[in-house]
Amino acid sequence: MGEWRAIRLIGWSRAIVWRSWWWVILAWMVAALVLMICLGWGSVPLSPGKLTAALIAPTSDLGLIVWQLRLPRTLLGALVGGALALSGWLLQQIMRNALASPDTLGVTSGASAAAVSYFAFLAADFGTGGVPLAAASGAIVAVAIVYLMAWQQGATPVRLILTGIGLSVLMAAITTFVLASSPLSTTLSAYVWLTGSVYGGNWSDVSRMALCCFLGGIAIVPLLRFALLAPLDDALATGIGVRVQLTRALLTLLAAGLAGIAVAWGGAMAFVGLVAPHLARRLIRDPGAAQPVMAVLVGAIMVMMADLAGRTLFSPLDLPAGIFVAAVGAPFFLTLLIRQAS
Amino acid sequence: MTPYRFWPVLVWLFGLLVAFGISLMAGPQWSGPLTVWHALWSSSPGDINELLIRTTRLPRALTAMAVGASLGVAGGIMQTLTRNSLASPGLLGINAGGLFVVVSLTTLAGSLPGWVGSFGAIGGAAVAAAVVWGIAMRRRDEAGPLRLILAGAALTALFNAFSQALLVIDQQGLDSVLFWLAGSVSARPLAQTWPLMLLIVAAVLGCGPCLRQWNVLAAGEAVAVGAGVAIRRLQGVSILLVVSLAGAAVAMAGNIAFVGLIVPHLARRLAGADHRRWLPMAGLIGATLLILADVAARTLIAPREVPIGVMTALIGVPFFIGLIRREGSRGG
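Residues numbered from 1 in each chain as written. Chains lettered and ligands numbered in written order. Predicted model: local features only at pLDDT ≥ 70, side-chain atom pairs only at ≥ 80, totals over all residues.

Re the overall build of chain B
Then, in step 1: From N to C terminus, chain B includes 14 helices and 0 strands.
Then, in step 2: Taken over the C-alpha trace, chain B has a radius of gyration of 20 Å; the compact-globule value for 332 residues is 20 Å, and the two agree within 12%.
Then, in step 3: Overall size of chain B, expressed as C-alpha extent along the three principal axes, is 65 × 55 × 35 Å.
Then, in step 4: Residue burial in chain B is summarised as follows: out of 332 residues, 54% are buried.
Then, in step 5: Nonlocal contacts in chain B, meaning residues at least 24 apart in sequence, comprise 76% of its contacts between residues at least 6 apart. (Helix = DSSP H or I, 4+ residues; strand = E, 2+ residues; numbered from the N terminus. Rg over C-alpha atoms; globule rule 2.2 N^0.38 Å. Buried ≥ 20, exposed ≤ 12 C-beta atoms within 10 Å, placed from the backbone. Contact = placed C-beta atoms within 7 Å.)

Next up, the structure:
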């Protein structure tokens, strides 16, 4: 068994690099382990034996805690982290810049502004069910604005990111304005949410979010081939028969949509979309499909652990996970900036 | 050297006076110039309008003036120092650092005397400036504007996350701090702000001796060293000035974005590249701009108020994007 192996079916062929997929399997196991720790740890700590018993009997007292409180919340965190990480990975591939992410391109702040405005002005009439739609459309509008504003016979990554930062300051200002001018009860719930929190996640959240993520993931599959090629020259992609501009636009839309969905359920969790793809790329160097999978797993693990820290470190306080993600992510990002050669 | 021309400064000084006057007249109920005049010089104690002008509008206009001037000058110094036309206290995280310290002082320590918060803000600004400066100093020629701005954005996000954490824990504090987070020049009685005003005046005057050296520095660090500028000392002094100006502005008015970015550009366009001309101009333009933004903020949706930080962001973002596009077409 060599470094890699080619799998060929009639018109379809893939090179499988063993090392990468071993990493992916390892990441799955770590994710499962973190999930178990998240289920067992909390204000009522459970030993592995008790946790197993609780998992088997969902109607017992402990079972209720695990099945109704901890599991949906943890799964929601994993989905949010995964969606953000995938969105960040796509954006970094398309922009050919390791510093692209839903945060730096103004996507998350666009989604936040839209969602907070929905909370403040429309939620009373239409219920909170429309928040995901509002957030996703906010994200897509933001990315469209950034593209249009940065376009000048093509859009260079640097200009896109700088424009994104400018737009996100504006969006943050709008968000604060909406918060400051709405009643205190709205402000409080919106503010906790804004920091990035999966507090109170329940099964209906999980299932709807999972459905959205699933649809997004499916949509990416046919475009994945280009997403993997995107860091290379456009001419290469054109050569193998990809409609470059169209596919790039579609992928950007998908990335924005994914980030919007994540913001809708998890709030503006900063830095996941930037740091997770980075770690994945560092662990898996071969540019195959293992990389995005790895990014998703890393993102999920990050948010699960951040949420665990948020609910246990300062218990009985339940802090938003976004704080911990930022506390880890921002220094990581700064060192990355210092090290990066160009 | 061409002789110093005073008239542009005089014109703007006049503009500032007009803006100041408008600011005293503006409000849900506009008062005429005569009322303002009476309120300032020969007040009759019983008149509610004159009382309003003296106790509410006057401190407000003064605050806006001081904050605008200090942000404009601080942004100008930063742009010279980093040789980066996008540098400004807001984008580089210096405002956020000051805000974080103020938020943590108000939430953790409860009611403190005002000056503790003020100097805390300056301390936070200093920490943020040190970090950003550390990043800017390393490999400064390679990545151009992007690295510095991204470092600032990351720093802002970090400080904001911590501020938010504190506000989530202490939800009573949230309501009182929130409006101020968005930037506001309201409700700052002069009795509280005068030490900061003094600091701003001192820092602005402190720029005076540096102006010539900044001119040399703008030509490049190597040139400056060759011309005999003590460059480390100049940098140290400049950072100290930036931190006091931006910190005092944050302590007085919270997070006001983009003034520090736009104003130096306008000033340079009007007065040329000589620091002795454009830096005073930047102070004047900043003061005028912020006073006018404040007038707009409280009259646009009266009787409610738009936070002034939102107003400046609305004005500033299009400008910022235009700036990026221009830099881009020059290949930068």
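Considerations on helix H4 (residues 107-126) of chain A
Residues and elements named next belong to chain A.
Then, in step 1: Here H4 spans only 24 Å end to end across 20 residues, well under the 28 Å set by a 1.5 Å rise per residue.
Then, in step 2: By the largest-angle criterion, alanine 120 marks the main kink of H4, which is about 50°.
Then, in step 3: Glycine 127, located one to two residues past H4, shows a positive phi value of around 80°. (Expected span 1.5 Å × (residues − 1). Bend = angle between axes of the 7 residues up to and from the residue.)

Some words on the interface of chain B and chain A
Then, in step 1: Taken residue by residue, the interface counts 40 residues in chain B and 45 residues in chain A.
Then, in step 2: Considering each element in turn, the side of chain B that touches chain A owes the most residues, 15 residues, to helix H6 (residues 145-169) of chain B.
Then, in step 3: Taken together, the residues of the side of chain B that touches chain A sort by class into 29 nonpolar, 5 polar and 6 charged. (Nonpolar A, V, L, I, M, F, W, Y, C, P; charged D, E, K, R; others polar.)

Notes on unusual backbone geometry
Residues and elements named next belong to chain B.
Then, in step 1: Phi angles above zero are rare outside glycine, and arginine 83 is one such case at about 55°.
Then, in step 2: Judged by the 17 C-beta atoms lying within 10 Å of it, arginine 83 is partly exposed.
Then, in step 3: Phi at phenylalanine 258 takes a positive value of approximately 75°, unusual for a residue other than glycine.
Then, in step 4: Mapped onto the elements of the fold, phenylalanine 258 is located in the loop between helix H11 (231-253) and helix H12 (259-271).
Then, in step 5: Phenylalanine 258 sits in the buried class, given 29 other C-beta atoms within 10 Å.

Some remarks on helix H6 (residues 157-181) of chain A
Then, in step 1: Along its 25 residues, H6 of chain A runs 36 Å from first to last C-alpha, staying within 8% of the 36 Å computed at 1.5 Å per residue.
Then, in step 2: Counting buried residues in H6 of chain A gives 23 out of 25 residues, a clear majority hidden from the surface.

A look at the confidence of the model for chain B
Predicted coordinates in areas of low pLDDT are best not read in detail.
Residue and element names in this part refer to chain B.
Then, in step 1: On average, chain B scores 82 in pLDDT, and the residues at 70 or more come to 91%.
Then, in step 2: Predicted confidence in chain B is weakest over helix H7 (residues 171-181), with a mean pLDDT of 71, and strongest over helix H13 (residues 275-299), with 90.
Then, in step 3: Overall fold confidence (pTM) sits at 0.83, and the ipTM for the predicted complex is 0.79. (pLDDT = per-residue confidence, 0-100.)

Brief notes about the packing of helix H1 (residues 7-25) of chain B against H13 of chain B
Packed helices, taken two at a time, are described by their axes: the angle between them and the distance between them.
Residue and element names in this part refer to chain B.
Then, in step 1: Where H1 meets H13, the closest approach of the two axes is 9 Å, and the angle between their N-to-C directions is 20°. Between H1 and H13, the angle falls in the class roughly parallel. Crossing handedness for the pair H1 and H13: left-handed. Contacts from Pro8, Val9, Trp12, Leu13, Gly15, Leu16, Ala19, Phe20, Ile22 and Ser23 in H1 reach Pro280, Met281, Leu284, Ile285, Ala287, Thr288, Ile291, Leu292, Asp294 and Val295 in H13.
Then, in step 2: The residue inventory of the contact of H1 with H13, partitioned by class, reads 16 nonpolar, 3 polar and 1 charged. (Axes fitted to C-alpha atoms, helices over the stretch in contact; angles between N-to-C directions. Parallel < 35°, antiparallel > 145°, perpendicular 65-115°, else oblique. Left-handed = near helix turned anticlockwise from the far one by under 90°.)

Description of the packing of helix H5 (residues 131-150) of chain A against helix H10 (residues 244-266) of chain A
All names here are of chain A.
Then, in step 1: Interaxial distance between H5 and H10 falls to 7 Å at its minimum, and their mutual angle equals 140°. Judged by the inter-axis angle, H5 sits oblique to H10. Seen from above, H5 lies across H10 with right-handed handedness. Contacts between H5 and H10 involve Val131, Pro132, Ala135, Ala136, Gly138, Ala139, Ile140 and Val143 from the first element and Thr252, Leu253, Ala256, Gly257, Ala259, Gly260, Ile261, Val263, Ala264 and Trp265 from the second.
Then, in step 2: Class assignment of the residues belonging to the contact of H5 with H10 gives a composition of 14 nonpolar, 4 polar and no charged.

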